[in-house]
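So you can see what is in the structure, the chains are spelled out below.
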Amino acid sequence: FMRSFMVCSNFNNVSHNDGSYSPHNCFESNFCPGSIFEKNKANFCDHGFWIGYTQETIVRGNEVKYNNNGISIEHGINNKIIGNTIEGNLYYGIKIWNDLDKIVYQPPQNTLIAYNEIGKTGTFFHLLSATDYGHKGTFQGRFPGAPQGA
C-alpha cells in the first residue's frame, strides 16, 4: 500500500505566490497538516486550492478568482478559510466534502469559514457530508452580484 511509504512536508507557510494559470490546481496540499496558505493569487485554474485529507490548515487572505472551483477541501478536519476574496468561480466558491470513503477517513469536520468575500460564483458553499462546520461573519452584503437578500 503506497501511502504507508509517503513522507509529508508538514507545517508549511506558503505566502505571496502567484499560482495562476496552472492547467490543474493553483495550490495543492494532501495528507500534510498544519500548513498556512496566505496572500497568494490562485486564479484561472481547475481548483484555486485543493486541500485533501489534511488537518489544521489555514487558507487566509488569498485571491481566488475565475477557477472552476475556488477552495476545495476533501476529508478535512479543523481547517480554517478566513478573509479570502473568492469571485467568478464557475461551480463552487468553497467546496467541503468527502467521497464517502468512511472506512479509511472521517467525514470533514470543524471547518471555520469566516469573513470571506464571495461573489459572482456558481454556488457560494457546497457542504457535503460535512459536520460541525461554522461560519462567522455575515452573508448580507458580502456577496457582490448575489441575488437580493442572499
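Reading guide: rules and limits
- Residues numbered from 1 in each chain as written.
- Predicted model: local features only at pLDDT ≥ 70, side-chain atom pairs only at ≥ 80, totals over all residues.
- Heavy atoms only, no water.
- Helix = DSSP H or I, 4+ residues; strand = E, 2+ residues; numbered from the N terminus.
- Buried < 20%, exposed > 50% of the residue type's maximum accessible area, 1.4 Å probe, protein only.
- Pairing = 2+ DSSP bridges.
- Salt bridge = Lys/Arg side-chain N within 4 Å of Asp/Glu carboxyl O.
- pLDDT = per-residue confidence, 0-100.
- Contact = heavy atoms within 4.5 Å.
- Axes fitted to C-alpha atoms, helices over the stretch in contact; angles between N-to-C directions.
- Disulfide = S-S within 2.5 Å.
- Phe/Tyr/Trp six-rings, centres within 6.5 Å; stacked < 30°, edge-to-face > 60°.

Visitor: Explain the environment of Gln106 residue by residue, including any values.
Guide: Within the secondary structure, Gln106 is located in the loop between β11 (92-97) and β12 (112-114). Judged by relative accessible area, which is 48%, Gln106 ranks as partly exposed. Sequence spacing of Gln106 and Tyr53 is 53 residues, and the spatial spacing of their C-alpha atoms is 9.1 Å.

Visitor: Provide a residue-level description of the pairing of β11, including the pertinent values.
Guide: Two faces, one strand: in a regular strand the side chains alternate between the faces of the sheet. In terms of burial, β11 is largely enclosed, as five of its six residues are buried. Here strand β8 (residues 69-74) runs beside β11; their pairing, made up of five bridges, is parallel. Residue pairing for β11: Ile73 is matched across the bridge by Ile96.

Visitor: Explain the pattern of salt bridges to me, using residue names and the numbers behind them.
Guide: For the coordinates displayed, the defined rule picks out one salt bridge. Among the salt bridges present, the one from Arg60 reaches Glu38, with a minimum N-O distance of 2.8 Å. On the criterion of sequence distance, the pair formed by Arg60 in strand β6 (residues 58-60) and Glu38 in strand β3 (residues 36-38) is long-range, its members being 22 residues apart.

Visitor: Provide a residue-level description of the confidence of the model for the protein, including the pertinent values.
Guide: Per-residue pLDDT for the protein has a mean of 83; in total, 77% of the residues score no lower than 70. A low-confidence stretch, residues 137-150 stays under pLDDT 50, and its non-local contacts, those more than four residues away or across chains, total 19 contacts.

Visitor: Any details on the sheet that holds strand β7 (residues 63-65)? Residues and values, ideally.
Guide: Taken in spatial order, the four strands of this open sheet run β4-β7-β10-β13, and their pairing is parallel. This sheet does not close on itself; its edge strands, each paired only once, are β4 (41-43) and β13 (117-119). Strand-to-strand twist across the sheet, computed as the mean angle between neighbouring axes with direction ignored, equals 5°. Sheet analysis places β7 next to strand β10 (residues 85-87), joined by three bridges and oriented parallel. Residue pairing in the sheet places Lys65 in a bridge with Glu87 of β10.

Visitor: Just give me the short version of the state of the cysteines, but keep the residues and values in it.
Guide: Enumeration over the complete set of coordinates arrives at one disulfide. Bridging Cys26 to Cys45, the disulfide has an S-S length of 2.3 Å. Linking Cys26 and Cys45, the disulfide has an S-S dihedral of approximately 95° and is accordingly described as right-handed. With a gap of 19 residues between them, Cys26 in strand β2 (residues 25-30) and Cys45 in the loop between β4 and β5 (47-52) connect regions that are remote in the sequence. For the pair formed by Cys26 and Cys45, the shared burial category is buried.

Visitor: Tell me about the sheet that holds β5, and name the residues and values.
Guide: Sheet architecture is open: five strands sit in the order β2-β5-β8-β11-β14, paired in parallel fashion. If you trace the sheet from one side to the other, it starts and ends with β2 and β14 (123-127), each paired once. Ignoring which end each strand starts from, the neighbouring axes of this sheet average 5° apart. In this sheet, β5 lies alongside β2 in parallel orientation, the contact comprising five bridges. Following the sheet pairing, Asn30 is matched in β5 by Gly52.

Visitor: Which residues make up the packing of aromatic side chains, and what are the values?
Guide: How two aromatic rings sit relative to each other is set out by the distance from centre to centre and by the angle between their planes. With the rule as written, the count across this model stands at seven aromatic pairs. The interplanar angle of 5° and the centroid separation of 4.9 Å between the aromatic rings of Tyr21 and Phe44 together place this pair among those described as stacked. Placement of the pair is Tyr21 in the loop between β1 (13-15) and β2 and Phe44 in the loop between β4 and β5, with a sequence separation of 23 residues. Residue classification places Tyr21 among the exposed residues on the basis of a relative accessible area of 61%. We classify Phe44 as partly exposed; its relative accessible area is 39%. Taking 4.9 Å as the distance between ring centres and 15° as the angle between the ring planes, the aromatic pair formed by Phe31 and Tyr53 counts as stacked.

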